[in-house]
Structures are given as C-alpha cells and as structure tokens.
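Chain by chain, the residues run as shown.
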Amino acid sequence: MSEERPPDAGREPRRGGERRAYPRHEVTGVRGSFLFTTGARVVNLSADGLALESSHALRVGRTYRLQLAHGERDLDLEGTVVWCSLVRTRGGERGEVQPVYHAGVRFDELLGARADGLADFIKGHAVVSLEKRLSGRFRLRSGGAAAVDHRARFEVHKLSRSGMLIEADVVPDPDGTLEVEMRLASGLFTGQARIVHVRRLETQEGASRAEIGLEFGELDEGPAAALAAFLDDQPD
C-alpha cells in the first residue's frame, strides 16, 4: 500500500497538459460518510443468516447490504452483524499484512422474491442433497463470492474544489471510488471521489484507521455550488 501523497488531489488540469493547483484549506469540524463495496467469501449459510470471511471488520449491530453471486444476476440481501472476530492475517498483493475476519450475519426479514431467491441460491450452491429439507447451515460447493456495502464515517483535514484529505475508521482498498456525503455550512455535499492515496494509521487501541486522499469526480451543480460557497468563506 503506497504511503505517497496524492499528486493530483486539489489540482485541476489546464489546457496543454499543465496543471493548476487549487488552494487547499485546513478545516476543522467537517465530518461526513462514504459508501464503499468490498469483496468477501461466504463460509456457510442458512435460511436465516450466513458467515462471511472478509479483510474488513463488520461492526456488530450494524445492518449491511449484501450481494451474493448467483448466475447472471446477484442476489441482494440485507442483514445485521451479530458477531465478528479476527481469525488470522495474510499477505496482500503489495506485500502488506492484511487482517482476515469472520462475521456472522442474521438476515433481516425475507419476504416474497428475496426469500424465494435465497432458497434457490441454497439449492444451487450448497452442499446438500435435494431430498434434504433446507434447514441448518450449509457449506458452498465452490467460490461463495459475495460483496458487502460499507458506510464509514470520516473527518476532513484538508479540502479544495477538486479533492480532500480525510481520516476514517476503515482502511479502504486503494484505487477505488467512494460515494461521499458531508454536511457543510453552505449545504449538503454529495459526489463520487477517487482514492489516490491511503496511509494506514497506528492507534493505541489497535483499531483500523487511515488517512485517505481523494479526488472528486464531476460534481452536480448543487454539490459543486455548496463546496465553492464553503471554501469561499475559508481564510486564505
């Protein structure tokens, strides 16, 4: 995982390939949240829940949106985490040490198409004979690929019209894209931001925290105006 500062956050391309830096303001008291998706593996599942393996800790008591790979169409579910524990570590693609968590998720109430979809998924993927009732917990024949939508909170340290430097309580995968939301004094800011820098921070409690450099994508008129108005009020 690179620890270099983002070369482009807070900069805007100019004609002829040159780049012009936007002023970056140090700010305090600005907080928000971002949505990101991580890959996971289904360890086992039942009609009322499943166990997942993930490199990100899932918070007990929080509800997550899950997608299970199911043929041409993913199976969308929601569930609440009832337990989560660190089981081991492994080496990442860049040589870093990654944690491996197992988490137990209890499905929220399943009705209609979602309940039928889960039953079809178990029949198609679980190690179980067709004659056996779909009760108990099952292992999957292969793969068990899943995706988990996370929402994490952050605090802004530096902000410009094209990017920001934040600190968050999760360590997202580098080179990804986040859906960002934050409440500014001038209004609500929402938009997509590309991760250009991630630096893992050490904490006394051993919790995961990271400094993240983000570069905004093309902003809608409302969020762009709210951001510009907020920055215009900041001291030089």
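What comes next is a walk through the structure. Note that this is a predicted model, so its numbers are computed, not measured.

1. Thoughts on the side chain of glutamine 67
Step number 1: Within the secondary structure layout, glutamine 67 lies in strand S6 (residues 63–68).
Step number 2: What makes glutamine 67 buried here is its relative accessible area of 10%.
Step number 3: Of the polar contacts made by the side chain of glutamine 67, one reaches the side chain of aspartate 149; its length is 3.4 Å.
Step number 4: Ignoring anything within four residues of it in the chain, the contact list for glutamine 67 reads Thr37, Asp74, Leu75, Asp76, Ala145, Ala146, Ala147 and Asp149.

2. Looking at the packing of aromatic side chains
Step number 1: The full count for this structure, using the stated rule, is three aromatic pairs.
Step number 2: Taken together, a centroid distance of 5.5 Å and an interplanar angle of 55° make the contact between phenylalanine 34 and phenylalanine 36 tilted. Comparing phenylalanine 34 with phenylalanine 36 shows no difference in burial state: the two are buried.
Step number 3: Where phenylalanine 189 meets phenylalanine 216, the ring centres are 5.1 Å apart and the plane angle is 50°; that geometry is what we call tilted. Linking phenylalanine 189 in strand S12 (residues 187–201) with phenylalanine 216 in strand S13 (residues 209–216), this pair joins segments that are 27 residues apart in sequence. Grouping residues by exposure puts phenylalanine 189 and phenylalanine 216 together as buried.

3. Notes on the nonpolar core
Across soluble globular proteins, nonpolar side chains show a tendency to be buried alongside one another.
Step number 1: Counting residues in hydrophobic clusters, the biggest one holds 28 residues, and the most contacted among them are Phe34, Leu159, Met164 and Met182.
Step number 2: At the level of elements, strand S4 (31–45), strand S9 (145–159), strand S10 (163–168), strand S11 (177–184), S12, S13 and helix H2 (221–232) are the ones that each hand at least two residues to this core.
Step number 3: If you look at the next biggest cluster of nonpolar residues, it comprises 18 residues, including Val42, Leu58, Ala103 and Ala146.

4. Description of the environment of valine 60
Step number 1: The residue valine 60 is located in the loop between strand S5 (49–54) and S6 in this model.
Step number 2: Taking the relative accessible area as the measure of exposure, valine 60 reaches 55% and is therefore exposed.
Step number 3: In this structure the C-alpha to C-alpha distance between valine 60 and serine 85, which are 25 residues apart in sequence, comes to 10.0 Å.
Step number 4: Once you skip the residues sitting within four places of it in the chain, valine 60 turns out to touch Val81, Val82, Trp83 and Cys84.

How each quantity is defined
- Residues numbered from 1 in each chain as written.
- Predicted model: local features only at pLDDT ≥ 70, side-chain atom pairs only at ≥ 80, totals over all residues.
- Heavy atoms only, no water.
- Helix = DSSP H or I, 4+ residues; strand = E, 2+ residues; numbered from the N terminus.
- Buried < 20%, exposed > 50% of the residue type's maximum accessible area, 1.4 Å probe, protein only.
- Polar contact = N/O pair within 3.5 Å; in protein donor to acceptor, adjacent residues only side chain to side chain.
- Contact = heavy atoms within 4.5 Å.
- Phe/Tyr/Trp six-rings, centres within 6.5 Å; stacked < 30°, edge-to-face > 60°.
- Core = buried A, V, L, I, M, F, W, Y, C linked by side-chain atoms within 4.5 Å.

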